[in-house]
There are 2 protein chains.
Amino acid sequence: MPLDDLIDRHRDLLTQARTAIGARTFFSAYPESPSPRVYGETAAGEGTAAYEARLGTEWALPTPGARGQVATERSPFGPELGVRYPRLPADADAVGTLMSAAGAAMPAWRRTGVDGRSAVCLEILARLHERIFELAHAVMHTSGQAFVMAFQAGGAHALDRALEAVAYAYAEQERMPASVEWEKASKRETQRMSKAFHVVPRGVALVVGCNTFPTWNSWPGLFASLATGNAVVVKPHPRAVLPLAITVEVAREVLTERGFDPNLVTLAAEDPADGLAAVLAVRPEVRIVDFTGSSAFGRWLEDNATQAAVFTEKTGLNTVVVDSTDDIDGLTANLAFSLSLYTGQMCTAPQNIYLPRGGIDTDRGRLSFDEFGAALAAAVRDLLADDTRAVEILGGVVSDVVRDRVDATAGRSDLVLASRAIEHPAWPDATVRTPAIVALDAGTAGGSGDAAEYTSECFGPVSFLIGTDSTAESIERLSTTVHQHGAMTASVYSTDPAVLDAVEEAAVDAGVALSVNLTDGVYVNQTSAFSDLHGTGANPAANSCFTDAAFVTPRFRFVATRRHLP
Amino acid sequence: MPLDDLIDRHRDLLTQARTAIGARTFFSAYPESPSPRVYGETAAGEGTAAYEARLGTEWALPTPGARGQVATERSPFGPELGVRYPRLPADADAVGTLMSAAGAAMPAWRRTGVDGRSAVCLEILARLHERIFELAHAVMHTSGQAFVMAFQAGGAHALDRALEAVAYAYAEQERMPASVEWEKASKRETQRMSKAFHVVPRGVALVVGCNTFPTWNSWPGLFASLATGNAVVVKPHPRAVLPLAITVEVAREVLTERGFDPNLVTLAAEDPADGLAAVLAVRPEVRIVDFTGSSAFGRWLEDNATQAAVFTEKTGLNTVVVDSTDDIDGLTANLAFSLSLYTGQMCTAPQNIYLPRGGIDTDRGRLSFDEFGAALAAAVRDLLADDTRAVEILGGVVSDVVRDRVDATAGRSDLVLASRAIEHPAWPDATVRTPAIVALDAGTAGGSGDAAEYTSECFGPVSFLIGTDSTAESIERLSTTVHQHGAMTASVYSTDPAVLDAVEEAAVDAGVALSVNLTDGVYVNQTSAFSDLHGTGANPAANSCFTDAAFVTPRFRFVATRRHLP
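Residues numbered from 1 in each chain as written. Chains lettered and ligands numbered in written order. Predicted model: local features only at pLDDT ≥ 70, side-chain atom pairs only at ≥ 80, totals over all residues. Heavy atoms only, no water.

### Here's the deal with the domain arrangement of chain A
All names here are of chain A.
Thought 1: As assigned here, chain A comprises domain 1 (40–314 + 546–564) and domain 2 (319–516).
Thought 2: The C-alpha centroid of domain 2 is placed 34 Å from the C-alpha centroid of domain 1.
Thought 3: Interface area, domain 1 with domain 2, both sides summed: about 1,300 Å², of which 66% is carbon and sulfur.
Thought 4: Three residues stand out in domain 1 for area buried against domain 2, namely Pro76, Phe77 and Met149, and they jointly supply 34% of the buried area on that side.
Thought 5: There are zero salt bridges connecting domain 1 and domain 2.
Thought 6: Joining domain 1 to domain 2, the criterion identifies four residue pairs in polar contact (both at pLDDT 80 or more).
Thought 7: Considering every element that reaches the side of domain 1 that touches domain 2, the biggest residue donor is helix H5 (residues 132–143), with four residues.
Thought 8: Of the residues belonging to the side of domain 1 that touches domain 2, the class tally is eight nonpolar, eight polar and three charged. (Domains from an automatic or database assignment. Buried area = accessible area lost by both parts, 1.4 Å probe. Salt bridge = Lys/Arg side-chain N within 4 Å of Asp/Glu carboxyl O. Polar contact = N/O pair within 3.5 Å; in protein donor to acceptor, adjacent residues only side chain to side chain. Helix = DSSP H or I, 4+ residues; strand = E, 2+ residues; numbered from the N terminus. Nonpolar A, V, L, I, M, F, W, Y, C, P; charged D, E, K, R; others polar.)

Here it is, written out as structure tokens:
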């Protein structure tokens, strides 16, 4: 299996990516603009055709142990996808067959070595990049992301995050030399030995995909595990199978071409009633689990899949502290976009916005609590005034649960901004909602206020404008709620350096990343691969992040051999 | 708290250690010879005096939450130590007080930064090195190691392993820049941001010490956690408190001198009936656990301390495959020393020696199974023929359980070598035993042979010479027993390159380090810091190793902050 051509082909990109993870300056390998000037005149049309050709068909991908089929996807924009995937039942026969196949594929992959495995991973990414338009449609019609966002977050940025994981995997695997001569001299004698360090995989890796970001949230773990020598079983969310089915198809195609066992990467599609993830996660063969989803199941995995290294991204209370600003228009515009983008269905979207009940100082004078709320509401309304533009920001509502959650705010007396339904100009059956903002009270020494509401995660387009005694109390709420419930993001607006220092100290202590005075084109819910970490692993919202060394090092071990030299 | 002088003082050593962990060639910072030419004429006597001054006294070290005292140490060489330590009861009041104190100490330590923390750790190591003779006596009279071994393994080599951990901690913490300017240009606009990366500790770290290597096995985790910003609670084995009490004393002395809260490092001595480790390990404040000891409690920690990153070194079936040799004298002498050193009470000492029933080819012609056994037994007898020399290799038997285990082999009909009791010339109450070797059969297709015996760990000076059909079967037993039960070490003797390749493949696949044809002054049960890994984390004997990046990265997180630049 000569891989020299692949290693040569991808050497420069890998070198750049390895440099980028240390430098943390801007780096991106996959253009984020779907423009024909970047991707060519025919790419978009071909991608659409490739996506549409999948609909209503039987997926040809084999999965060891699979029996029967499942078709579980309906687009948040309306249509049923109707793709029939091989179903992996949750019984011991089916799962055992899959585990055996995955395990049998590993030894040859281990022996391939770091350079070869990395090159194969980068070739898979290159092939996925060739299919980025098809993937964007698949992500759009499973997650509900608008097309451009699906192209960027589900395509280009997901590829960057995957490349980042491969670069980290490479860097960590090469920390030990492949071989070394060791010599210890003493007055009696000199001992000389030759020693070799082998990278060995940890075992079968399970990736449990999510509905909202099927590629972006799954690829880092998938490629980190594969690059370090493990076989990967991909268990997609039943409503977001297609993007990961394409991923598995491409991976198997490259592996097969290069003479590897394609069962290094397998698709485990389920009937939702089967609870397959919980069955797979505690199999003794499974030594790595990557999960994005609910806190309840994430905690269950952490507590029960103790035979495995478990990497979870769960949910939390993303927090904004508003103290003062010299750019109220920038503030409200920035925040309005963060609340609206993909209908607030990002794990990084703000939920709890703390503001002194007495209002704040701004470049347009003092604004009362209500005036600030009105300004924020106006900014959201302005952003989403035009339905045709609005749907390209909002996308579709991913599930009935989220839809019901936002619809339940209708008629509340404490609404700062009411949600409205939008009819999608192109997709009449799409479920589209604008964000709702609710005014709450943080509570006082004498009472808990609305803490019961704002200390629970309300995933989707409902955020809370929460009145506090003071910015000091806002900071205290940030600290206690993140310590207890976790958060993926935090941000602060203040013109006072002392306040910024205090919030930074609170955020670092609580273990949440902080964005300061975002009033321009960077949003708190977006991170940039190779520079920003996604999550920290330092609070209950996630036990790991995309991507640092800790995300990679538990996926493999070094095994040494030594012998005397003459 | 200016730490510049400390940082300067230890910069060169840290630089050397950081280079060494990458190079894996020979490196040691602390001389292993207790000779007066190295340590000065008075060091040995002063160390003895310092140790003896401790005996029968009350330990002055304060521990938050402690009530009353415990005195639980009796030397395997005879004397009661009689040191009375503050007792940490296992109740919620006491443990809660300790946790609060440890937690309160962390923020200032976090803010100190990587260079300052590393320098403080290296200063603690320098002070421990100044007390190496005292530590050697403390290790000797708690573990039963003979003095020179206690000086080396419990002193110099333990310091090297601790330095290695600090070097890894430094290297991993500096993977992110402290700050960076990020710029993303697009045709519409250029975004510029300043970003900072903060190292944050994971939480309170618990170190659970063991009886046999109280410093060597505890210091890597202790210093890895401390260097990465965590507070460390040290829970020593009740029979090996003193070496860790001295460690905690020295750490607190340095921390106090530099204005840090000494409760960053605390001693939690227990009444053995309290089961304190299990109580501490599942406290929500405890986010890191380092453990060396029994497989049963190690697995319990892995399964139950799910709120923490758990690093375990448990037990396993250390294996030797004997196929052929061109140096039978070197082979038997090397193996005899490995079986005898510290009475086989090393987690790395060989237990299962597989040999074809038909015998092996050697430089002295064909040796039958029985002839090989006789040669090995003779080598052990020769090594330990002189009682005065023998006790310096054997040391004392660490516990009644180990003594009973070896004494129970007396009179067995399958003995290759009987154990004998030795009267220690200097310590008349010492318990000293020579190794026993028992002949077993691996079993055949028709029966399991003596598998029930050799697939259980028999910690201490009992090893098994196990007859197999062939070397191929020996390799198969290596593979299956290590996969199922784990091993810290494996070794092979063969003159056939194909056999060596097959054993190497089996060892790498099973995830155990392999030593090849050791016939000289390197022993399978010894590893060299900065070059050899101790354990692999890739088989059931341990879920981690001393020391690689995976041992360090889960102990801290990066938390980033970002803001616009003009």
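### Notes on the packing of aromatic side chains
Ring pairs (aromatic) are described by centroid distance and by the angle formed between their planes.
Residues and elements named next belong to chain B.
Thought 1: Throughout the structure, instances matching the rule amount to 40 aromatic pairs over all chains.
Thought 2: Between phenylalanine 213 and tryptophan 216, the aromatic rings sit 6.4 Å apart at their centres with planes inclined by 65°, giving edge-to-face as the arrangement. Pair check on accessibility: phenylalanine 213 and tryptophan 216 agree, each one buried.
Thought 3: Stacked on the ring of phenylalanine 551, the Lys or Arg arginine 555 has its end atom at 4.3 Å from the ring centre. (Phe/Tyr/Trp six-rings, centres within 6.5 Å; stacked < 30°, edge-to-face > 60°. Buried < 20%, exposed > 50% of the residue type's maximum accessible area, 1.4 Å probe, protein only. Lys NZ or Arg CZ within 6 Å of the ring centre and 35° of its normal.)

### Some points on the interface of chain B and chain A
Many authors give the size of an interface as the accessible area that is lost as the parts come together.
Thought 1: Contacts between the two partners involve 74 residues from chain B, matched on the other side by 74 residues from chain A.
Thought 2: Both sides together, the interface formed by chain B and chain A hides about 6,100 Å², and carbon and sulfur atoms give 53% of it.
Thought 3: A per-residue breakdown of the area chain B buries against chain A is headed by B:Val508, B:Arg557 and B:Arg562, which together make up 12% of the total.
Thought 4: As a salt-bridge pair, A:Arg110 and B:Glu505 come within 2.8 Å of each other at their nearest N and O atoms.
Thought 5: Linking chain B to chain A there are 41 residue pairs in polar contact (both at pLDDT 80 or more).
Thought 6: Residues of the side of chain B that touches chain A, tallied by class, amount to 29 nonpolar, 22 polar and 23 charged.
Thought 7: Where strand E19 (residues 556–564) of chain A lies against strand E18 (residues 514–516) of chain B, three bridges are found, and the strand directions are parallel. Considered in E18(B), the bridge of A:Arg562 is made with B:Ser515. (Contact = heavy atoms within 4.5 Å. Pairing = 2+ DSSP bridges.)

### Observations regarding the relation of the copies chain B and chain A
The two chain copies are connected by a rotation around an axis plus a translation along it.
Thought 1: Overlay of chain B on chain A (RMSD 0.0 Å): rotation 180°, translation along the axis 0.0 Å. Taken together, these values place the two copies in the relation of a two-fold axis.
Thought 2: When you check the interface residues of chain B against chain A, 99% turn up at the interface there too, and the contact is symmetric in its surfaces. (Least-squares fit on C-alpha atoms with pLDDT ≥ 70 in both.)

### Here's the deal with the pairing of strand E11 (residues 352–356) of chain A
All names here are of chain A.
Thought 1: Summarising burial for E11: five of the five residues are buried, a large majority.
Thought 2: Crossover handedness for the path strand E10 (residues 319–322) to helix H11 (residues 328–340) to E11: right-handed.
Thought 3: Pairing of E11 with strand E16 (residues 462–468), which is carried by five bridges, proceeds in the parallel orientation. Considered in E16, the bridge of proline 356 is made with threonine 468. (Right-handed = clockwise from strand over helix to strand, strands pointing away.)

### Brief notes about helix H3 (residues 43–54) of chain B
Residues and elements named next belong to chain B.
Thought 1: Compared with an ideal rise of 1.5 Å per residue, which puts twelve residues at 16 Å, H3 spans 17 Å between its outermost C-alpha atoms and is within 8% of the ideal.
Thought 2: Residues Ala43, Gly47, Tyr51 and Arg54 constitute the buried set of H3. Down the axis of H3, the smallest arc covering the buried residues is 65°, so these residues share one side. Facing away from the buried side of H3 by more than 90 degrees, the exposed set consists of Glu46 and Ala53.
Thought 3: Taken together, the buried residues of H3 touch helix H2 (36–39), helix H5 (132–143) and helix H8 (242–257).
Thought 4: Positive backbone phi, approximately 75°, marks glycine 56, located one or two places after H3. (Expected span 1.5 Å × (residues − 1). Arc of directions from axis to C-beta.)

### As for the pattern of salt bridges
Thought 1: Counted under the stated rule, the structure contains 83 salt bridges over all chains.
Thought 2: The residue B:Arg175 makes a salt bridge to A:Glu172 at a minimum N-O spacing of 3.6 Å. With B:Arg175 in the loop between helix H6 (147–173) and strand E3 (179–185) and A:Glu172 in helix H6 (residues 147–173), the pair connects residues from two separate chains.
Thought 3: B:Arg433 is paired through a salt bridge with B:Asp407; the nearest N and O atoms lie 2.7 Å apart.

### Let's talk about unusual backbone geometry
All names here are of chain A.
Thought 1: Cis rather than trans, the peptide bond between phenylalanine 546 and threonine 547 has omega equal to -25°.
Thought 2: Looking at where threonine 547 falls in the secondary structure, it is placed in the loop between strand E18 (514–516) and E19.
Thought 3: Even without glycine at this site, arginine 24 takes up a positive phi of about 65°.
Thought 4: Within the secondary structure, arginine 24 is located in the loop between helix H1 (4–23) and helix H2 (36–39).
Thought 5: Even without glycine at this site, tyrosine 342 takes up a positive phi of about 50°.
Thought 6: As for its placement among the helices and strands, tyrosine 342 is situated in the loop between H11 and E11.

### Focus on the sheet that holds strand E5 (residues 204–208) of chain A
All names here are of chain A.
Thought 1: Strand order in the open sheet made by the five strands is E7-E6-E5-E8-E9, with parallel pairing throughout. Each edge of the sheet is formed by a strand with only one pairing partner; in this case those strands are strand E7 (265–267) and strand E9 (309–313). Averaged over neighbouring strand pairs, the angle between their axes works out to 15° when direction is ignored.
Thought 2: The pairing of E5 with strand E6 (residues 232–235) spans four bridges and is parallel. Along E6, the bridge assignment pairs valine 207 with valine 234. (Axes fitted to C-alpha atoms, helices over the stretch in contact; angles between N-to-C directions.)

### Section: empty space enclosed by the protein
Empty pockets left among the atoms are what a rolling probe the size of a water molecule brings to light.
Thought 1: What the rule picks out here adds up to ten cavities of 30 Å³ or more.
Thought 2: The calculated volume of the largest cavity comes to roughly 170 Å³.
Thought 3: A:Ala513, A:Ser515, A:Thr527, A:Leu533 and B:Arg562 are the residues nearest the centre of the largest cavity, which is lined by 18 residues in total.
Thought 4: For the lining of the largest cavity, the secondary structure elements donating two or more residues are E18 of chain A together with strand E19 (556–564) of chain B.
Thought 5: Residue contributions to the lining of the largest cavity peak at three residues, all from E19(B).
Thought 6: Partitioned by chemical class, the residues of the lining of the largest cavity number seven nonpolar, eight polar and three charged.
Thought 7: Taken together, 17 residues line the second largest cavity, and the ones lying closest to its centre are A:Arg562, B:Ala513, B:Ser515, B:Thr527 and B:Leu533.
Thought 8: Looking at the lining of the second largest cavity, the elements with two or more residues in it are E19 of chain A together with E18 of chain B.
Thought 9: At three residues, E19(A) tops the list of elements feeding residues into the lining of the second largest cavity. (1 Å grid on protein atoms, 1.4 Å probe; cavity = no way out; pocket = protein on both sides within 12 Å on 5 of 7 lines; lining within 4 Å. Points joined across faces, edges and corners; volume = space filled by probe spheres on them.)

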